[in-house]
Amino acid sequence: MILGGTPDLRVVGEAADGSEVAAAVAACRPDVVLMDIRMPRLDGLAATEALRASPRPPEVLVLTTFDADEHVLRALRAGAGGFLLKDTPPAEIVRAVRRVAAGEATLSPTVVRTLIAHVTAPTVTDPRRERALRSLAGLAERERAVALAVGQGRTNAEIAAELFMSVATVKAYVSRLLTRLGLNNRVQIALLVHDAGLV
């Protein structure tokens, strides 16, 4: 009802559980999938992982009552562009759908706190950190600078000003980073930089 009553958004399909998501996406070709976590047969996290691994997937915005750390991190690592709790006001859900459709990340404040706690937690020998460092080691100096700036939460305009580039050049670098690192969106670049311990 919230989305259907918004003039610039159109609900093109629904799925009753995670196992129906792939077929619904193939039939309806949405720009954004609003995904619940708790569903019968196949949960929303597994459905997100499968969907984002497919060719030319839509953006995914997770909307759930559960903000457990493992859910947040698994959804974002799978390529979800946003994670909102169901107590988010309707107008903010609509804004989040628009932002995710535009390729921007959007997170509930409690989810941001979860991520901060995750990236600031002391680590021992962490295989994820080693993998992240190896991935970033193959980047050229300018690519690495852009990746670090994304990890610091900078916008394209801020990165352009900081690194003396045009916004179009920054966008090209971000696209190149996604391809080279095998990632889906800016959130995953930021997580990789944080996993490597660089910010």
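Before any of the text, the structure's been laid out above.
The shown structure was predicted, so the numbers you read here are calculated from the model rather than taken from an experiment.

A.B. asks: Looking at this structure, how should I read the overall build of the protein chain?
C.D. replies: Counting its secondary structure elements, the protein chain contains ten helices and four strands. Counting helices and strands in the order they occur from the N terminus, the protein chain gives α-β-α-β-α-β-α-β-α-α-α-α-α-α. Taken over the C-alpha trace, the protein chain has a radius of gyration of 17 Å; the compact-globule value for 199 residues is 16 Å, and the two agree within 12%. Along the first, second and third principal axes, the C-alpha set of the protein chain runs to 45 × 40 × 30 Å. Put simply, the protein chain has 199 residues, and 41% of those count as buried. Sequence-distant contacts, at least 24 apart, represent 58% of the contacts inside the protein chain between residues at least 6 apart. Surface exposure of the protein chain reaches about 10,800 Å², of which carbon and sulfur atoms provide 55%.

A.B. asks: Whenever I open this one, unusual backbone geometry confuses me. Can you help?
C.D. replies: For residues that are not glycine, phi is negative in most cases, and the peptide bond is trans in most cases. Phi at R29 is positive, roughly 50°, even though this residue is not glycine. Assignment of secondary structure puts R29 in the loop between α1 (21-28) and β1 (32-35). We classify R29 as exposed; its relative accessible area is 65%.

A.B. asks: Explanation requested: the pairing of strand β2 (residues 59-64) in the structure shown.
C.D. replies: For a regular strand, side chains alternate in direction, first toward one face of the sheet and then toward the other. Where burial is concerned, most of β2 is hidden: six out of the six residues are buried. Side chains E59, L61 and L63 of β2 all project onto a buried face; the interleaved residues V60, V62 and T64 project onto the opposite face, where all are buried too. Both β1 and β2 contribute to a ladder of four bridges, which runs parallel. Opposite L34, over in β2, you have L61 as the bridge partner. Viewed along the sheet, the connection from β1 through helix α2 (residues 44-52) into β2 turns out right-handed. Of the strand pairs in this sheet, β2 and strand β3 (residues 82-85) are connected by four bridges, and their pairing is parallel. Residue T64 lies in a different strand from β3, and its bridge partner there is L85.

A.B. asks: How should the packing of aromatic side chains be read in this particular structure?
C.D. replies: What characterises a pair of aromatic rings is the spacing of the ring centres plus the angle enclosed by the ring planes. Going through the model one piece at a time under the given rule, you end up with zero aromatic pairs. Over the ring of Y173 we find R176, and its NZ or CZ is 4.6 Å from the ring centre.

A.B. asks: When you look at the side chain of D195 in this model, what are you seeing that I'm missing?
C.D. replies: Considering the arrangement of structural elements, one finds D195 in helix α10 (residues 186-195). Of note is the side chain of D195, whose polar atom sits 2.7 Å from the side chain of R77.

A.B. asks: Where do I start with α10 in this structure?
C.D. replies: One turn of the α-helix equals 3.6 residues, which is why residues spaced by three or four share an orientation. For α10, the buried fraction is high: eight of the ten residues fall into the buried class. Of all the positions in α10, only V187, Q188, I189, A190, L191, L192, V193 and D195 are classed as buried. Taking the backbone nitrogen of V187 as reference, a side-chain oxygen 3.2 Å away marks N185 as the first, capping residue of α10. Once α10 finishes, G197 follows within two positions and takes phi at roughly 75°, a positive value.

Criteria and thresholds
Residues numbered from 1 in each chain as written. Predicted model: local features only at pLDDT ≥ 70, side-chain atom pairs only at ≥ 80, totals over all residues. Heavy atoms only, no water. Helix = DSSP H or I, 4+ residues; strand = E, 2+ residues; numbered from the N terminus. Rg over C-alpha atoms; globule rule 2.2 N^0.38 Å. Buried < 20%, exposed > 50% of the residue type's maximum accessible area, 1.4 Å probe, protein only. Contact = heavy atoms within 4.5 Å. Areas by Shrake-Rupley, 256 points an atom, 1.4 Å probe, with all protein chains shown as cover. Pairing = 2+ DSSP bridges. Right-handed = clockwise from strand over helix to strand, strands pointing away. Phe/Tyr/Trp six-rings, centres within 6.5 Å; stacked < 30°, edge-to-face > 60°. Lys NZ or Arg CZ within 6 Å of the ring centre and 35° of its normal. Polar contact = N/O pair within 3.5 Å; in protein donor to acceptor, adjacent residues only side chain to side chain.

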